[in-house]
Amino acid sequence: MLTLDRRLVALLVLTAVFPAAEATVLVAMDFVAAEGIAPQVSAVWPYDTYHDLRWLFVYHRSWPEFVLWLAYVALTRGALTTGLVALAWPVEAPRPPVRQLLKRNVGVSVVVTVLVVPWAVISVAASVVALSWVLLASLLPMFLLAPFLQRAAAVGPWWRGLPSLPLVGWTLLNFVVLTVAGAVAWSVPGWWTVPVAASAGVVNGVLWNRTVRAAVLAPRLRWARVPVAPIVALLALVVPLLIPSLASTVPGNQLRTEDVLLTRPLPPEVTEAVVVLAGYGSAYGGEQPHDPRVERFSYRGLGSDGRPLPYRPQDTTISVADSVGLLADQVDRLHRRTGRKVALVGESEGALVARTYLARRPHPAVDALVMFSPLINAGRAYYPPRGQGHGWGVATGWMLRAMFGLGRLAGAPGNGPDEPFIRSLLDDAPFYRNQLMCPVPGVRMVAFLPYTTAAEAPPGDYSGIPVFQTPGVHGGLLNRSLVQDRLVNFLGGEPVQRTPREYPLLQRLGAAWQAPPLPISANPAWEESEQPDPALTGKVCQPPRESR
């Protein structure tokens, strides 16, 4: 029993040291946006590898550097897992020699790395576009694979048969522990993050002990001849394709901004003319609004008669700068035609276009902006354009291109990671990370945020304008009559704001699963920017940095 106690103590110390070390570095750097990730350093497979690869896919600048660090991650993770498994091995069962465990775990580490790579890449993509469903698409496959990969460290052939119910239970607890630990690690002030990360590491050690025990002492396998793990891995590949379709089935999600403002007359208390900017992937067939004061923004511009041209979903992929130019022309034309001030109502991409227009163009005719489901804190990672072979995230960009090419074969929409709109988020990231939700002099502003927005960025105070937070998914707020009424109230001149207490909690619970952001000052592509960095402060609308 003394031997078991010593092994358990050694296991807990080992699993506590690494999260504490990472948390110490993050706190010393004031890197608050990544503090929730630290507890995962010593987590049970696959979450430890998921942790490593998210850092790697953000922080590499060349292919040789990426390949070198990828090999290092796989080998060192295999060696560390060997030590953890040896210390966690139950005394009731004979343990294989350490050399045999090392050979097994290094090999399995390579397999796990290959399996986790696509989902780590998608996690980084989620930090570029700031969409919660993209983050969910990267996380759900990890959840599906976890019971099989946690068994792989100790027994074989791990790819056959169903995991035992105790192992599945420990897997569920593992996810909960990492989620809560990430929330607490981010929430506590300053150096308290270090003992929280260490405590989470101790819990990781207990989970290693329990999962290894559950795998080694498992009863006879069910479906022992069926290669269940490869089947689950293949099914996991379908998850990113299914999530957008599932999100569209949320009751009332089909009711969009344009349906509220284009299909009925504006009430008399609304004195402005209104331009409605729909989001990415939207389409417009040229239908005329019921109220002549309202126009639909066209991603193709105006026709010779001054009316917005019909457009297709692929037209929404143009750069934000091109959209801003089209919006400027449309606002000026509407203002001259009606003689009224103009209110902009944008959803998702449309919100970004409207806010960028207010920042980059003179706008004397505009006195109100409503943003629905804006992309909060977008552009937190980077990859260079296709023609450049060097720069932060170069391998990430090419993997996204490869994955999107395969996705197009399966019928996935869009034009890939190099389309002009996505490129705008990458190239102008300092503005979107810091100024999107900041006030504009002379313009009344409000943002309507669904609860899923809380998972689209690391925790923080990302708004300097009034917000109305409510249950819903991205683009799906307007199924609620309360939000429709508040939109009309705001356009009529009333102040609108709603900040329920549960929203910050949802932000914190997502802290563990965000990809670490790339600091603005680290990227030469952003070197001319004087924007402060929310990754280091957790706040937006801060004074500009001093010029270098």
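Check the entry above for the structure.
Residues numbered from 1 in each chain as written. Predicted model: local features only at pLDDT ≥ 70, side-chain atom pairs only at ≥ 80, totals over all residues. Heavy atoms only, no water.

**Q** Help me out: how do you make sense of the overall build of the protein in this one?
**A** Per the secondary structure count, the protein includes 18 helices and 6 strands. The C-alpha atoms of the protein give 25 Å as radius of gyration, which agrees with the globular expectation for 548 residues (24 Å, within 12%). With the principal axes as the frame, the protein shows a C-alpha extent of 85 × 50 × 45 Å. Out of the 548 residues belonging to the protein, those deemed buried represent 55%. Across the protein, every contact between residues at least 6 apart in sequence was considered, and the portion connecting residues at least 24 apart equals 76%. (Helix = DSSP H or I, 4+ residues; strand = E, 2+ residues; numbered from the N terminus. Rg over C-alpha atoms; globule rule 2.2 N^0.38 Å. Buried < 20%, exposed > 50% of the residue type's maximum accessible area, 1.4 Å probe, protein only. Contact = heavy atoms within 4.5 Å.)

**Q** Any chance you could explain a nonpolar patch on the surface here in plain terms?
**A** Taken together, the side chains of Leu173, Val176, Val180, Val184, Leu505, Leu506 and Leu509 define a hydrophobic patch exposed on the protein surface, amounting to about 510 Å² of accessible area. Counting residues per element, the ones that place at least two in the nonpolar patch are helix H6 (165-187) and helix H17 (502-509). Among the elements that line the nonpolar patch, the one with the most residues is H6, at 4 residues. Note on Leu509: relative accessible area 33%, which makes it partly exposed. (Patch = residues over 30% accessible without salt bridge, like charges linked within 9 Å, V, L, I, M, F, W, Y side chains within 5 Å. Areas by Shrake-Rupley, 256 points an atom, 1.4 Å probe, with all protein chains shown as cover. Salt bridge = Lys/Arg side-chain N within 4 Å of Asp/Glu carboxyl O.)

**Q** Could you clarify how one ought to interpret the packing of aromatic side chains in this entry?
**A** In this description, a pair of aromatic rings is defined by centroid distance and the angle of the planes. Using the criterion set out here, one finds 20 aromatic pairs in the structure. When the centroid spacing of 5.2 Å and the interplanar angle of 80° are considered together, the rings of Tyr299 and Tyr311 count as edge-to-face. Residue Tyr299 is located in the loop between strand E2 (294-296) and helix H11 (320-338), and its partner Tyr311 is located in the loop between E2 and H11; the two are separated by 12 residues in the primary sequence. Taking the centre distance of 5.4 Å and the plane angle of 45° together, the rings of Phe448 and Phe468 count as tilted. Residue Phe448 is located in strand E5 (residues 444-450), and its partner Phe468 is located in strand E6 (residues 467-470); the two are separated by 20 residues in the primary sequence. Here Phe448 matches Phe468 in class, with each residue buried. (Phe/Tyr/Trp six-rings, centres within 6.5 Å; stacked < 30°, edge-to-face > 60°.)

**Q** Explain the nonpolar core to me, please; I cannot follow it from the model alone.
**A** The tendency in soluble globular proteins is for nonpolar side chains to be buried side by side. Core analysis: the largest hydrophobic core is formed by 123 residues, its most contacted members being Leu327, Leu344, Tyr357, Met371 and Met437. Considering every element that reaches this core, the biggest residue donor is helix H4 (residues 98-129), with 14 residues. Those residues in contact with Leu327 that sit more than four places away from it in its chain are Val275, Leu277, Phe297, Leu344, Val353, Ala354 and Tyr357. By size, the runner-up hydrophobic cluster in this structure holds 21 residues, among which are Val270, Val483, Leu487 and Phe490. (Core = buried A, V, L, I, M, F, W, Y, C linked by side-chain atoms within 4.5 Å.)

**Q** Would you take a moment to explain the sheet that holds E6 for this structure?
**A** By way of backbone hydrogen bonds, the strands of a sheet pair with one another, either parallel or antiparallel. Strand order across the open sheet formed by 6 strands is E2-E1-E3-E4-E5-E6, with parallel pairing between neighbours. The open sheet is flanked by E2 and E6, the only strands paired with a single partner. On average, each strand axis in the sheet is inclined to that of its neighbour by 15°, with strand direction left out of account. As judged from the 6 bridges shared by strand E3 (residues 342-347) and strand E4 (residues 366-372), these two strands associate in the parallel manner. Among the inter-strand pairings, Leu344 is bridged to a residue of E4, identified as Leu369. (Pairing = 2+ DSSP bridges. Axes fitted to C-alpha atoms, helices over the stretch in contact; angles between N-to-C directions.)

**Q** Is there a simple way to explain the packing of helix H2 (residues 47-58) against helix H3 (residues 63-88) in this structure?
**A** Their axes nearest at 11 Å, the elements H2 and H3 cross at an angle of 160°. It follows that H2 is roughly antiparallel to H3 by the angle criterion. The element H2 and its partner H3 pack so that their crossing is right-handed. Facing H2, whose interface residues are Asp48, Thr49, Asp52, Leu53, Leu56 and Phe57, H3 presents Phe66, Trp69, Leu70, Val73, Arg77 and Thr81. For the contact of H2 with H3, the per-class residue count stands at 7 nonpolar, 2 polar and 3 charged. (Parallel < 35°, antiparallel > 145°, perpendicular 65-115°, else oblique. Left-handed = near helix turned anticlockwise from the far one by under 90°. Nonpolar A, V, L, I, M, F, W, Y, C, P; charged D, E, K, R; others polar.)

**Q** Looking at this structure, how should I read the side chain of Glu22?
**A** If you trace the backbone, Glu22 turns up in helix H1 (residues 2-28). Buried and unpaired, Glu22 has Arg77 as its nearest opposite-charge partner, separated by 7.3 Å. Within the local environment of Glu22, its side chain forms a polar contact with the side chain of His51, the two groups lying 2.9 Å apart. The contact partners of Glu22, leaving out residues within four places of it in the chain, are Ile37, Ala38, Val41, His51 and Trp55. (Lys, Arg positive; Asp, Glu negative; His and termini not counted. Polar contact = N/O pair within 3.5 Å; in protein donor to acceptor, adjacent residues only side chain to side chain.)

**Q** Looking at this structure, I do not really get the pattern of salt bridges. What am I missing?
**A** Side chains that differ in sign of charge can pair as their charged atoms come close. Taken as a whole, this structure holds 11 salt bridges when the rule is applied. Taking the shortest distance from any N to any O, the salt bridge between Glu295 and Arg337 comes out at 3.3 Å. Taken together, the residues Glu295 in strand E2 and Arg337 in helix H11 connect sequence positions 42 residues apart. A relative accessible area of 9% places Glu295 in the buried class. Residue Arg337 is classed as partly exposed on the basis of its relative accessible area of 46%. In this structure, the salt-bridge partner of Asp428 is Arg360, at a minimum N-O distance of 2.9 Å. With Asp428 in the loop between helix H14 (420-427) and helix H15 (429-434) and Arg360 in helix H12 (residues 349-360), the pair connects residues that are 68 residues apart, well separated along the chain. If you follow the salt bridges from partner to partner, you end up with Asp48, Asp52 and Arg77 in one network.

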